[in-house]
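Chain residues, written in single-letter form:
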Amino acid sequence: MEFEEAHHRFIQYHIERRTGERKARLIRGHKFGEKLLLQNLWWPVFGNLNDLHPEYEIYDWNRKSQFIDFAFLPPFGQFGIEGDGFQSHVKDMDREKHNYSLNRDTFLTGMGWKMLHFSIDDLQHRPENCRMLLRLVMSPYLLRTSSVKPAFLIEKEVLRLCWHLGKPVRPKDVCDQLDVDFRTARKWLQALAAKGWLTPIARGGSIRYYELKEELLQHLL
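Summarised in this report is the structure supplied together with it. Since we're looking at a predicted model, the values are computed, not measured.

**Considerations on the environment of Pro 168**
- When you line up the elements, Pro 168 lands in the loop between helix H8 (151-165) and helix H9 (171-178).
- On the basis of relative accessibility, which here comes to 27%, the residue Pro 168 falls in the partly exposed class.
- Through-space distance from the C-alpha of Pro 168 to that of Glu 211 is 4.5 Å; in sequence the pair is 43 residues apart.
- In this view, Pro 168 contacts Asp 173, Ile 201, Tyr 209, Tyr 210 and Glu 211; residues no more than four positions away in its chain are not counted.

See the structure below:
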(Lines give C-alpha, C1' and ligand atoms only; values in the text may rest on other atoms or scores of the structure.)
Protein backbone atom coordinates (compact mmCIF):
# COMPACT_ATOMS: atom_id res chain seq x y z
CA MET A 1 0.00 0.00 0.00
CA GLU A 2 1.26 3.48 -0.87
CA PHE A 3 1.59 6.08 1.87
CA GLU A 4 -1.27 8.34 0.69
CA GLU A 5 -3.79 5.52 0.75
CA ALA A 6 -2.50 4.18 4.06
CA HIS A 7 -2.63 7.65 5.59
CA HIS A 8 -6.20 8.26 4.41
CA ARG A 9 -7.36 4.95 5.86
CA PHE A 10 -5.46 5.59 9.07
CA ILE A 11 -7.10 8.97 9.71
CA GLN A 12 -10.59 7.78 8.70
CA TYR A 13 -10.27 4.76 10.99
CA HIS A 14 -9.55 6.95 14.01
CA ILE A 15 -12.15 9.60 13.13
CA GLU A 16 -14.88 6.97 12.89
CA ARG A 17 -14.03 5.63 16.33
CA ARG A 18 -14.00 8.95 18.19
CA THR A 19 -16.62 11.31 19.51
CA GLY A 20 -16.72 14.77 21.06
CA GLU A 21 -13.52 16.72 21.62
CA ARG A 22 -11.27 13.79 20.79
CA LYS A 23 -12.79 13.58 17.32
CA ALA A 24 -12.78 17.36 16.84
CA ARG A 25 -9.16 17.61 17.95
CA LEU A 26 -8.12 14.99 15.38
CA ILE A 27 -9.98 16.73 12.56
CA ARG A 28 -8.56 20.19 13.29
CA GLY A 29 -5.19 19.13 14.75
CA HIS A 30 -3.88 16.66 12.16
CA LYS A 31 -2.45 18.99 9.54
CA PHE A 32 0.68 19.54 7.47
CA GLY A 33 3.27 18.95 10.20
CA GLU A 34 1.65 15.80 11.53
CA LYS A 35 1.26 14.27 8.08
CA LEU A 36 4.84 15.27 7.26
CA LEU A 37 6.08 13.38 10.33
CA LEU A 38 4.34 10.22 9.15
CA GLN A 39 5.40 10.58 5.53
CA ASN A 40 9.06 11.54 5.97
CA LEU A 41 9.85 9.82 9.27
CA TRP A 42 7.58 6.99 10.30
CA TRP A 43 6.63 5.43 6.97
CA PRO A 44 10.22 5.10 5.62
CA VAL A 45 11.34 3.40 8.86
CA PHE A 46 8.40 1.09 9.59
CA GLY A 47 6.45 0.89 6.32
CA ASN A 48 3.14 0.90 8.20
CA LEU A 49 1.13 2.94 10.70
CA ASN A 50 0.41 0.09 13.10
CA ASP A 51 -0.03 0.89 16.81
CA LEU A 52 -0.02 4.64 16.12
CA HIS A 53 -2.74 6.87 17.55
CA PRO A 54 -3.00 10.45 16.19
CA GLU A 55 -3.85 13.40 18.46
CA TYR A 56 -3.75 11.16 21.51
CA GLU A 57 -5.25 12.43 24.76
CA ILE A 58 -3.13 12.33 27.90
CA TYR A 59 -3.50 13.92 31.33
CA ASP A 60 -1.02 15.96 33.33
CA TRP A 61 -0.46 15.92 37.10
CA ASN A 62 -3.54 18.10 37.58
CA ARG A 63 -5.68 15.77 35.46
CA LYS A 64 -5.71 18.43 32.78
CA SER A 65 -6.38 17.00 29.34
CA GLN A 66 -3.64 17.45 26.73
CA PHE A 67 -3.05 16.02 23.27
CA ILE A 68 0.19 14.74 21.81
CA ASP A 69 0.69 14.43 18.05
CA PHE A 70 1.04 10.65 18.10
CA ALA A 71 1.14 7.87 20.63
CA PHE A 72 2.94 4.71 19.58
CA LEU A 73 1.55 1.91 21.75
CA PRO A 74 3.15 -1.44 20.83
CA PRO A 75 3.26 -4.30 23.36
CA PHE A 76 6.70 -3.19 24.58
CA GLY A 77 6.07 0.39 25.70
CA GLN A 78 4.48 3.82 25.42
CA PHE A 79 6.05 6.38 23.11
CA GLY A 80 4.91 9.94 22.48
CA ILE A 81 6.03 11.35 19.13
CA GLU A 82 5.72 15.05 18.36
CA GLY A 83 6.67 17.30 15.49
CA ASP A 84 7.62 20.72 16.87
CA GLY A 85 7.54 23.84 14.73
CA PHE A 86 9.86 26.70 15.66
CA GLN A 87 7.11 29.32 15.59
CA SER A 88 4.65 27.56 17.90
CA HIS A 89 7.07 25.68 20.16
CA VAL A 90 9.88 28.23 20.54
CA LYS A 91 9.35 31.71 19.14
CA ASP A 92 5.79 32.23 20.43
CA MET A 93 6.25 30.33 23.69
CA ASP A 94 6.33 32.43 26.87
CA ARG A 95 8.05 31.39 30.10
CA GLU A 96 4.95 29.80 31.59
CA LYS A 97 4.30 27.66 28.51
CA HIS A 98 7.99 26.74 28.34
CA ASN A 99 7.97 25.62 31.99
CA TYR A 100 4.78 23.64 31.50
CA SER A 101 6.17 21.89 28.40
CA LEU A 102 9.27 20.74 30.27
CA ASN A 103 7.29 19.64 33.33
CA ARG A 104 4.79 17.77 31.19
CA ASP A 105 7.50 15.70 29.50
CA THR A 106 9.13 14.97 32.87
CA PHE A 107 5.76 13.91 34.29
CA LEU A 108 5.06 11.64 31.32
CA THR A 109 8.51 10.11 31.70
CA GLY A 110 7.65 9.32 35.30
CA MET A 111 4.42 7.70 34.11
CA GLY A 112 6.32 5.38 31.79
CA TRP A 113 6.19 7.35 28.54
CA LYS A 114 9.19 7.89 26.29
CA MET A 115 8.82 11.24 24.55
CA LEU A 116 10.41 11.84 21.13
CA HIS A 117 10.47 15.34 19.64
CA PHE A 118 11.36 16.12 16.04
CA SER A 119 11.77 19.53 14.43
CA ILE A 120 9.37 20.31 11.59
CA ASP A 121 12.31 21.93 9.76
CA ASP A 122 14.31 18.71 10.03
CA LEU A 123 11.32 16.59 9.01
CA GLN A 124 10.95 18.72 5.89
CA HIS A 125 14.56 19.39 4.92
CA ARG A 126 16.71 16.80 6.76
CA PRO A 127 14.42 13.79 7.32
CA GLU A 128 17.36 11.36 7.24
CA ASN A 129 18.54 12.84 10.57
CA CYS A 130 15.14 12.20 12.12
CA ARG A 131 15.02 8.63 10.79
CA MET A 132 18.48 7.98 12.17
CA LEU A 133 17.41 9.13 15.64
CA LEU A 134 14.16 7.16 15.52
CA ARG A 135 16.05 3.97 14.67
CA LEU A 136 18.52 4.65 17.48
CA VAL A 137 15.70 4.92 20.02
CA MET A 138 13.63 1.99 18.77
CA SER A 139 16.28 -0.61 17.96
CA PRO A 140 16.83 -1.91 21.54
CA TYR A 141 13.09 -2.54 21.99
CA LEU A 142 12.72 -4.23 18.63
CA LEU A 143 15.72 -6.42 19.40
CA ARG A 144 14.42 -7.58 22.77
CA THR A 145 10.84 -8.27 21.65
CA SER A 146 11.37 -9.90 18.27
CA SER A 147 11.75 -13.67 18.08
CA VAL A 148 13.77 -13.19 14.89
CA LYS A 149 16.59 -10.74 15.55
CA PRO A 150 17.90 -9.12 12.35
CA ALA A 151 21.68 -8.91 12.17
CA PHE A 152 21.77 -5.12 12.01
CA LEU A 153 19.81 -4.86 15.29
CA ILE A 154 22.21 -7.23 17.03
CA GLU A 155 25.18 -5.23 15.75
CA LYS A 156 23.69 -1.98 17.01
CA GLU A 157 23.01 -3.48 20.43
CA VAL A 158 26.60 -4.70 20.75
CA LEU A 159 27.95 -1.33 19.59
CA ARG A 160 25.64 0.43 22.04
CA LEU A 161 27.08 -1.71 24.86
CA CYS A 162 30.63 -0.86 23.76
CA TRP A 163 29.77 2.82 23.80
CA HIS A 164 28.27 2.66 27.31
CA LEU A 165 31.19 0.72 28.81
CA GLY A 166 33.69 3.32 27.65
CA LYS A 167 36.56 0.83 27.63
CA PRO A 168 37.74 -2.18 25.59
CA VAL A 169 35.01 -4.82 25.70
CA ARG A 170 35.42 -8.54 26.31
CA PRO A 171 33.18 -11.38 25.11
CA LYS A 172 32.25 -11.85 28.78
CA ASP A 173 30.88 -8.31 28.90
CA VAL A 174 28.58 -9.13 26.00
CA CYS A 175 27.56 -12.39 27.68
CA ASP A 176 26.66 -10.62 30.92
CA GLN A 177 24.77 -7.73 29.35
CA LEU A 178 22.97 -9.42 26.46
CA ASP A 179 22.42 -12.86 28.00
CA VAL A 180 24.15 -14.98 25.33
CA ASP A 181 26.79 -17.69 25.54
CA PHE A 182 30.52 -17.00 25.18
CA ARG A 183 30.79 -18.41 21.66
CA THR A 184 27.96 -16.20 20.38
CA ALA A 185 29.42 -13.11 22.06
CA ARG A 186 32.84 -13.73 20.55
CA LYS A 187 31.31 -14.34 17.11
CA TRP A 188 29.48 -11.01 17.24
CA LEU A 189 32.61 -9.12 18.28
CA GLN A 190 34.70 -10.82 15.60
CA ALA A 191 32.10 -9.90 12.96
CA LEU A 192 32.18 -6.26 14.01
CA ALA A 193 35.97 -6.28 13.94
CA ALA A 194 35.91 -7.81 10.45
CA LYS A 195 33.76 -4.88 9.31
CA GLY A 196 36.33 -2.49 10.72
CA TRP A 197 34.05 -1.13 13.44
CA LEU A 198 36.04 -2.55 16.37
CA THR A 199 39.77 -3.00 16.80
CA PRO A 200 40.94 -6.38 18.21
CA ILE A 201 43.46 -6.13 21.06
CA ALA A 202 45.77 -9.09 21.69
CA ARG A 203 46.91 -10.07 25.18
CA GLY A 204 49.08 -13.10 25.81
CA GLY A 205 49.07 -14.17 22.18
CA SER A 206 45.28 -14.18 21.72
CA ILE A 207 42.52 -11.65 21.14
CA ARG A 208 41.03 -10.74 24.52
CA TYR A 209 39.49 -7.29 23.99
CA TYR A 210 37.85 -5.20 21.30
CA GLU A 211 38.17 -1.43 21.23
CA LEU A 212 35.84 1.13 19.70
CA LYS A 213 36.94 3.08 16.67
CA GLU A 214 36.41 6.81 16.54
CA GLU A 215 33.72 6.59 13.88
CA LEU A 216 31.59 4.17 15.94
CA LEU A 217 28.74 6.61 16.45
CA GLN A 218 27.79 6.68 12.78
CA HIS A 219 27.14 2.91 12.91
CA LEU A 220 24.98 3.30 16.01
CA LEU A 221 22.88 5.86 14.17
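**Examining the packing of aromatic side chains**
- All told, the structure shown has ten aromatic pairs when counted by the stated rule.
- Measuring from centroid to centroid gives 5.9 Å for Tyr 56 and Trp 113, while their planes differ by 55°, and the two rings are tilted. A residue pair is termed long-range when its members are at least 10 positions apart, and Tyr 56 in strand E1 (residues 52-59) and Trp 113 in strand E4 (residues 113-119) qualify at 57 residues.
- Exposure remark for Tyr 56: the relative accessible area of 25% places this residue in the partly exposed category.

**Description of the sheet that holds strand E3 (residues 78-84)**
- With mixed pairing, the four strands of this open sheet are ordered in space as E1-E2-E3-E4. Every other strand in the sheet has two partners, leaving E1 and E4 as the edge strands with one partner each. Pairs of neighbouring strands in the sheet enclose a mean axial angle of 45°, with direction left out of account.
- Packed on one face of the sheet, helix H1 (residues 3-16) meets E1 and strand E2 (65-72) and runs near 40° to E1.
- The strands touched by helix H5 (residues 95-110) within the sheet are E1, E2, E3 and E4, with E4 carrying the most contacts at an inclination of about 140°.

Quick notes on the rules
- Along each chain, the written sequence defines residue order, and numbers are assigned to residues from 1.
- Under the rules for a predicted model, residues below a pLDDT of 70 receive no local features and side-chain atom pairs below 80 are neither given nor counted, while totals for whole chains, interfaces and linings still include all residues.
- Where side-chain values are given, they derive from all heavy atoms of the structure, hydrogens and water being excluded.
- Strands are runs of DSSP state E lasting at least two residues, helices are runs of H or I lasting at least four, and both sets are numbered from the N terminus onward.
- The cut-offs for exposure are 20% and 50% of the maximum accessible area for each residue type, with area from a 1.4 Å probe on protein chains only; residues under the lower value are buried, those over the upper are exposed, and the others partly exposed.
- Here a residue-residue contact requires only that any non-hydrogen atoms of the pair lie within 4.5 Å.
- Between rings of Phe, Tyr and Trp, where Trp is taken as its six-membered ring, a pair exists when centres lie within 6.5 Å; planes separated by under 30 degrees are stacked, by over 60 edge-to-face, and by other angles tilted.
- Two strands form a pair only when DSSP identifies at least two bridges running between them.
- Note on geometry: axes are lines fitted to C-alpha atoms, helical ones only across the stretch in contact, with angles between N-to-C directions running from 0 to 180 degrees.

That is the geometry; function is a separate question.
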